[in-house]
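Summary of the model geometry
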Amino acid sequence: MIIYNQIFSNFILGKIISIKLQDIKTMIVDNIKLDEENLEFNNALDIIKHTKRTVYLTGKAGTGKTTFLKYLKTTTHKNMVIVAPTGVAAINAGGQTIHSFFQIKPSLFVPDDKRLRKSANMGDTDQSTIFDHFKYSEEKQKIIDALEILVIDEVSMVRCDLLDVIDKLLRVFRKKEVVPFGGVQVILIGDTFQLPPILKDEEKEILMPHYESEFFFSSKVIQKTQPVYIELKKIYRQKDQRFVNLLNKIRNSNLTHDQVKSLNTKYDPNFDFEKHKNCIMLCTHNEKVREINNEKLSRLMASTQNFEADLDGEFPERNFPTEKNLELKINAQVMFIKNDKDKKYHNGKIGKIVRIEDEKIIVEDEFKKQIEVEQQVWKNIKYKWNDEKDEIESEDLGSFTQYPLKLAWAITVHKSQGLTFDKIIADLGKAFAAGQVYVALSRCTSFEGLILASPIPHNAIKTDKRVVEFSKTETSKAAISKEINEGKANFYYKKARQAAKRKDVKGVYDNFMNALEYRNDMKTEKFKKQFLFWAKQWTSPKPNQEKKNLKEEQEERKVVAKKKINKKENHNKPISPKPQQIKKIKKTNEKTYKRWTIKEEQQLKDLFHLGHTIKEITKIMGRDKDAIISRLHKIELKK
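Residues numbered from 1 in each chain as written. Predicted model: local features only at pLDDT ≥ 70, side-chain atom pairs only at ≥ 80, totals over all residues. Heavy atoms only, no water.

**What to know about the packing of helix α21 (residues 598-609) against helix α22 (residues 614-621)**
Selection criterion: Here, axes are lines fitted to C-alpha atoms. For helices the fit covers the stretch in contact, and angles between N-to-C directions go from 0 to 180 degrees. A run of DSSP states H or I qualifies as a helix once it reaches four residues; a run of E qualifies as a strand once it reaches two. Both are numbered from the N-terminal end. Here a crossing is taken to be left-handed if its near helix is turned anticlockwise relative to the far helix by less than a right angle, and right-handed if that turn runs clockwise. We call two residues contacting when some pair of their heavy atoms lies within 4.5 Å. Under this grouping Gly is polar, as are all residues other than the nonpolar Ala, Val, Leu, Ile, Met, Phe, Trp, Tyr, Cys and Pro and the charged Asp, Glu, Lys and Arg.
Their axes nearest at 10 Å, the elements α21 and α22 cross at an angle of 145°. In this structure, the crossing between α21 and α22 has a hand that is right-handed. Packed against α21, whose contacting residues are E600, Q603, L604, L607 and F608, the element α22 presents I617, I620 and M621 at the interface. Here the residues of the contact of α21 with α22 sort into six nonpolar, one polar and one charged.

Here it is, written out as structure tokens:
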């Protein structure tokens, strides 16, 4: 069982000893040594660690988006869930599909969809609400309540309306409707210049009157809450800068006529697989791929040998990473579809089967090195809540055990996404989708390893103009630096206040000095108030105060627990007190049942940050204890 709420470093006396930047240098994830000089990579980690901002992490092909997710998963100490739009993408990312985790039935949703409303209008024949269409178990509700980070991988393929549904569900079921995604930090990983969401013509007719595009960035939540847009710049796949420049031109669809002509010099009308070993063809359509692979396999004289996958538990057929019944022959060209922990092969490596004996498959690579292939295991997981540890865990629902191989004379462009090949032959004359040519050619590590099976017409090199416009919203380095500094400053000032409450002088000093590195609040009125408050607390010790505070805290928890039970039973229908009760309460707290003003909310925030107890705040503000606690929940100062 994999626990995602784990931290790379250790817990000492309840404090997190965080990963230092220099530790990245020696960290290896999925056989890849991380690059400490990758500024964007490290900035993204800092934003996630020190702020609650929504982040869109993108990058050209081969910049390490998958590696970033694996590193985040390995090192985060926050309750995190990973979802993806397709089953295969979810299996590869080690998470669940979006539809599975949130229990969303495949459908289109429009803004103000009746299935997402909290209450129905009087006289409406359909009285159903969001609580009828989405019913979560007690365990799933605990996961949603405790969720801190939601990672959506391959977000380029996520439709705009689906992201709005996720936003609505998190707001409603976390009971935090005024903040995007119900206060969950959302990390969007993908590249909109690659494969777009799949949408039928009739589906476009329904959605397009409500959205500017089908892409996730046209969702209402992203339009209102601009994410921190970080692009990974350093390309690890290609080393030839001329080829990198050409791919960038293709990515942005701004090739000149002469550059297209130069690209088409790679067209070889007499291409022969026999002359080009370990070369894979990338096609735009599934039918062509099946035809090529079956025809090449049938030509081989050796007898066919079948390898049946071992299925255990739940593992849907649509999520199979390779064939359940793998048909192979000696001399068949195959591709590895998983990284080997011992570095014998990597995902996308091409080779030829040279021997099959006693359930052993021996593959020879381009360097004549023979690799004995063992079966690998893929897991289908779901997230669960661990009451004892008070954290989110993943539970294995089932597994798929098979040799990590696929016939590989040909593969679709769609299924090649994320893979790296040394040699490819690209059949892109019939490219139909924006980004298809870029995805195909960027799989190759060099211009020398590229062959074209058909000329690429200029009009096949397409980039969606809406994607180009969105790319212009990339967050500047200065703004990212400011976000990080603000987040770190808030983190250390908070730690200093916590230390002050414990009367931990060293803790106050250390955290205060750390905070000053990122922001100096010493001349602000807020800092002055906090300083005077804690100075008074320290110089006027109250022996029994801790016991009182503990008792008050227990009472507060009881009140909150009781309110949660009432809310659950009544589906957010408030219970109105009787007139005589209101009169009695108003005598004690004159502002009870009056609307909160902006000035009062600010006063409440200041008192809370200064460390006043609920009882003290109640007296100062002239409001009832329940009202104070409720307001603190609403403005997210108290969990």
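**Some words on the pattern of salt bridges**
What counts here: Criterion for a salt bridge: a side-chain nitrogen of Lys or Arg within 4 Å of a carboxyl oxygen of Asp or Glu. For every residue, the accessible area (1.4 Å probe, protein chains only) is compared with the maximum for its type, and the residue is labelled buried under 20%, exposed over 50%, or partly exposed between those bounds.
With the rule as written, the count across this model stands at 30 salt bridges. The partner of E214 in a salt bridge is R466, with the nearest N and O atoms 3.4 Å apart. With a gap of 252 residues between them, E214 in the loop between α8 (201-207) and α9 (220-224) and R466 in helix α15 (residues 465-471) connect regions that are remote in the sequence. When its relative accessible area of 7% is taken as the criterion, E214 is described as buried. Owing to a relative accessible area of 31%, R466 belongs among the partly exposed residues under this scheme. Among the salt bridges present, the one from E601 reaches R631, with a minimum N-O distance of 2.6 Å. Residue E601 is located in helix α21, and its partner R631 is located in helix α23 (residues 625-634); the two are separated by 30 residues in the primary sequence. Each of the two residues, E601 as well as R631, counts as buried.

**Topic: the packing of aromatic side chains**
Where we set the bar: Pairing of aromatic side chains here covers Phe, Tyr and the six-membered ring of Trp, requires ring centres within 6.5 Å, and sorts the geometry by plane angle: under 30 degrees stacked, over 60 edge-to-face, intermediate tilted.
If you walk through the whole model with that rule in mind, you get 26 aromatic pairs. When the ring of F491 is compared with that of Y492, the centres are 5.1 Å apart and the planes differ by 75°; the resulting orientation is edge-to-face. The class for F491 is partly exposed, based on a relative accessible area of 37%. Looking at Y492, the relative accessible area reads 18%, which means it is buried.

**As for the nonpolar core**
Stated formally: Residue types Ala, Val, Leu, Ile, Met, Phe, Trp, Tyr and Cys, when buried and joined through side-chain atoms within 4.5 Å, form a set referred to as a nonpolar core. Reported domain spans reflect what an automatic or database domain assignment gives.
One finds F102, L150 and I152 to be the most contacted residues of the largest nonpolar core, which totals 69 residues. In terms of residues, this core owes the most to one element, helix α7 (residues 160-173), which gives eight residues. Counting residues domain by domain, this core receives three or more from each of domain 1 (1-111 + 133-235) and domain 2 (241-462). If we ignore the near neighbours within four places in the chain, the residues touching F102 are F134, Y136, L150, I166, L169 and L170. The next biggest cluster of nonpolar side chains, apart from the first, holds 40 residues, and it includes L247, I280, F315 and Y438.

**Details of the sheet that holds strand β24 (residues 450-452)**
Let me state the cut-off plainly: Only strands joined by at least two bridges in the DSSP assignment are considered to pair.
Pairing is parallel in the open sheet, where four strands are placed in the order β22-β11-β23-β24. Sheet topology places β22 (410-412) and β24 at the edges, where each strand pairs with a single neighbour. Within this sheet the neighbouring strands show an average axis-to-axis angle of 30°, counted without direction. Across three bridges, the pairing between strand β23 (residues 424-427) and β24 is parallel. Among the inter-strand pairings, I425 is bridged to a residue of β24, identified as I451.

**Remarks on the pairing of strand β5 (residues 55-59)**
Of all five residues in β5, five are buried; the element is thus mostly enclosed. Sheet topology places β5 next to strand β9 (residues 185-189); three bridges connect them, and they run parallel. Its bridge partner lying in β9, V55 is registered against I187. Relative to strand β10 (residues 228-232), β5 runs parallel, the two sharing five bridges. Across the sheet, residue T58 finds its bridge partner in β10, namely E231.

**Thoughts on the packing of helix α16 (residues 477-501) against helix α18 (residues 525-539)**
How two helices pack is summed up by the angle between their axes together with the distance between the axes. We apply this condition: With respect to orientation, any angle under 35 degrees is reported as roughly parallel, any angle over 145 as roughly antiparallel, any angle of 65 to 115 as roughly perpendicular, and every other angle as oblique.
In the contact formed by α16 and α18, the axes pass within 10 Å of each other and the chain directions differ by 20°. Judged by the angle between their axes, α16 and α18 are roughly parallel. The interaxial crossing formed by α16 with α18 has left-handed handedness. The segment α16 lies against α18, with Y493, R497, A500 and K501 engaging F527, Q530, W534 and W538. Classifying every residue of the contact of α16 with α18 by side-chain character gives five nonpolar, one polar and two charged.

**Comments concerning the sheet that holds strand β18 (residues 370-373)**
Reading across from one edge, β18-β17-β16-β15-β21 is the order of the five strands in this open sheet, with antiparallel pairing throughout. Of all the strands in the sheet, just β18 and β21 (405-407) have a single pairing partner and so form its edges. Sheet twist, expressed as the average angle between the axes of neighbouring strands with direction ignored, equals 45°. Where strand β15 (residues 333-336) lies against β21, three bridges are found, and the strand directions are antiparallel. Residue pairing in the sheet places F336 in a bridge with L405 of β21.

**Concerning the environment of W534**
Following the sequence through the fold, W534 ends up in helix α18. Given a relative accessible area of 12%, W534 falls into the buried group. Separated by 31 residues in the primary sequence, W534 and K503 have C-alpha atoms spaced 9.3 Å apart.

**Some details on the state of the cysteines**
Put simply, the rule reads: When the sulfur atoms of two cysteines come within 2.5 Å, that pair is taken as a disulfide.
In total, this model carries zero disulfides according to the counting rule given. Free of any disulfide, C444 has its nearest cysteine sulfur in C279, 8.0 Å distant.

**Some words on helix α1 (residues 39-50)**
Each α-helix winds once per 3.6 residues, and so residues spaced three or four apart point in a common direction. Stated formally: Between the first and last residue of a helix there are one fewer steps than residues, each counted as 1.5 Å, and that sum is the expected span.
Between the first and last C-alpha of α1 there are 16 Å, a value that for 12 residues agrees with the 16 Å anticipated at 1.5 Å per step. Counting buried positions along α1 yields nine of 12 residues, so the element is predominantly enclosed. If you check which residues of α1 are buried, you get E40, F41, N42, N43, A44, L45, I47, I48 and H50. Looking at the buried side of α1, the elements it contacts are β5, α2 (65-75), β8 (149-152), β9, β10 and α16.

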